[in-house]
Amino acid sequence: MKIGIGSDHGGYELKEKLKKYLDSRGIEIIDYGTNSNESVDYPDFGKAVAEGVMAEECERGIVICGTGIGISIAANKVKGIRCALCSDTYSAKMAREHNDSNMLALGARVIGEGLAISILDSWLDSEFAGDRHIKRVEKIMKIEE
Ligand code: RB5
């Protein structure tokens, strides 16, 4: 699986740690920036990763800012994206099983590295359950039309 990852300055350090973790799991990464602690605007990076997912440069995307809120809102503006902001492992699992989320958002100032890795594992290792959830996800996507 190839994963796109991006953050603003608030998420930069967690992004670097998660890149190492993804690498240790043998997952290929595309890093859409940012590349330092210097202040940047989170919509630029939410958009970049989301567009990468939709262009099929990567299968799924991870975005990180201070709270995860701004960057998830930005990512969700790109047509076809279902970006779930998660601060617990149960929500991360459900975001795949019920919502077929193709992006995960994390808040680096909200959760620590250990929890972020557990959330990431839950999200990566869960699959869409299909069945009754298909029509609900389709209804979400119809809102974009
Ligand atoms: C940057 O200071 C901060 O606003 C950003 O990382 C994020 O929390 C926005 O939602």
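Attention in this report is confined to the structure presented alongside it. All values derive from a computational prediction rather than experimental measurement. (Residues numbered from 1 in each chain as written. Predicted model: local features only at pLDDT ≥ 70, side-chain atom pairs only at ≥ 80, totals over all residues. Heavy atoms only, no water.)

Let's talk about the overall build of the protein
A count of helical and extended segments in the protein gives six helices and five strands. Shown N-terminal to C-terminal, the secondary structure of the protein runs as helices and strands in the order β-α-β-α-β-α-β-α-β-α-α. For 145 residues, the compact-globule formula gives about 15 Å, and the C-alpha radius of gyration of the protein, at 14 Å, lands near that figure. Here the C-alpha coordinates of the protein stretch approximately 45 × 30 × 25 Å along the principal axes. Expressed as a percentage of the 145 residues in the protein, the buried residues total 48%. Long-range pairs, those at least 24 residues apart, make up 69% of the contacts in the protein between residues at least 6 apart in sequence. Surface exposure of the protein reaches about 7,300 Å², of which carbon and sulfur atoms provide 49%. (Helix = DSSP H or I, 4+ residues; strand = E, 2+ residues; numbered from the N terminus. Rg over C-alpha atoms; globule rule 2.2 N^0.38 Å. Buried < 20%, exposed > 50% of the residue type's maximum accessible area, 1.4 Å probe, protein only. Contact = heavy atoms within 4.5 Å. Areas by Shrake-Rupley, 256 points an atom, 1.4 Å probe, with all protein chains shown as cover.)

With respect to the pattern of salt bridges
A complete count under the given rule lists 13 salt bridges for this structure. Of the charged contacts, one joins Asp31 and Lys19 as a salt bridge, the two residues approaching to 2.8 Å between their closest N and O atoms. With a gap of 12 residues between them, Asp31 in strand E2 (residues 28-31) and Lys19 in helix H1 (residues 12-24) connect regions that are remote in the sequence. Judged by its relative accessible area of 21%, Lys19 falls in the partly exposed class. (Salt bridge = Lys/Arg side-chain N within 4 Å of Asp/Glu carboxyl O.)

What about the packing of aromatic side chains?
The final tally for this structure, using the stated rule, is zero aromatic pairs. Its guanidinium or amino end placed over the ring of Trp123, Arg60 lies 4.9 Å from that ring's centre, counting from NZ or CZ. (Phe/Tyr/Trp six-rings, centres within 6.5 Å; stacked < 30°, edge-to-face > 60°. Lys NZ or Arg CZ within 6 Å of the ring centre and 35° of its normal.)

What about the site of the ligand?
Residues in close proximity to the ligand include Asp8, His9, Tyr42, Cys65, Gly66, Thr67, Gly70 and Arg109, which together make up its full environment. Thr67 is positioned such that a nitrogen or oxygen atom in its backbone is 3.0 Å from an oxygen atom of the ligand. Between an oxygen atom of the ligand and a side-chain N or O atom of Arg109, the distance comes to 3.4 Å. Across the complex, the protein chains shield 71% of the 290 Å² of accessible surface that the ligand would expose by itself. Tallied by class, the residues present in the shell around the ligand amount to two nonpolar, four polar and two charged. (Near = heavy atom within 4 Å. Polar contact = N/O pair within 3.5 Å; in protein donor to acceptor, adjacent residues only side chain to side chain. Nonpolar A, V, L, I, M, F, W, Y, C, P; charged D, E, K, R; others polar.)

Focus: the packing of helix H4 (residues 89-97) against helix H5 (residues 113-124)
Running from N to C, H4 and H5 point in directions that differ by 25°, and their axes come no closer than 8 Å. Comparing their axes, H5 and H4 come out roughly parallel. Considering how the two elements wind past one another, H4 and H5 form a crossing that is right-handed. Touching Thr89, Ala92, Lys93, Ala95 and Arg96 of H4 are Ser118, Ile119, Ser122 and Trp123, all from H5. Residue classes in the contact of H4 with H5 are distributed as four nonpolar, three polar and two charged. (Axes fitted to C-alpha atoms, helices over the stretch in contact; angles between N-to-C directions. Parallel < 35°, antiparallel > 145°, perpendicular 65-115°, else oblique. Left-handed = near helix turned anticlockwise from the far one by under 90°.)

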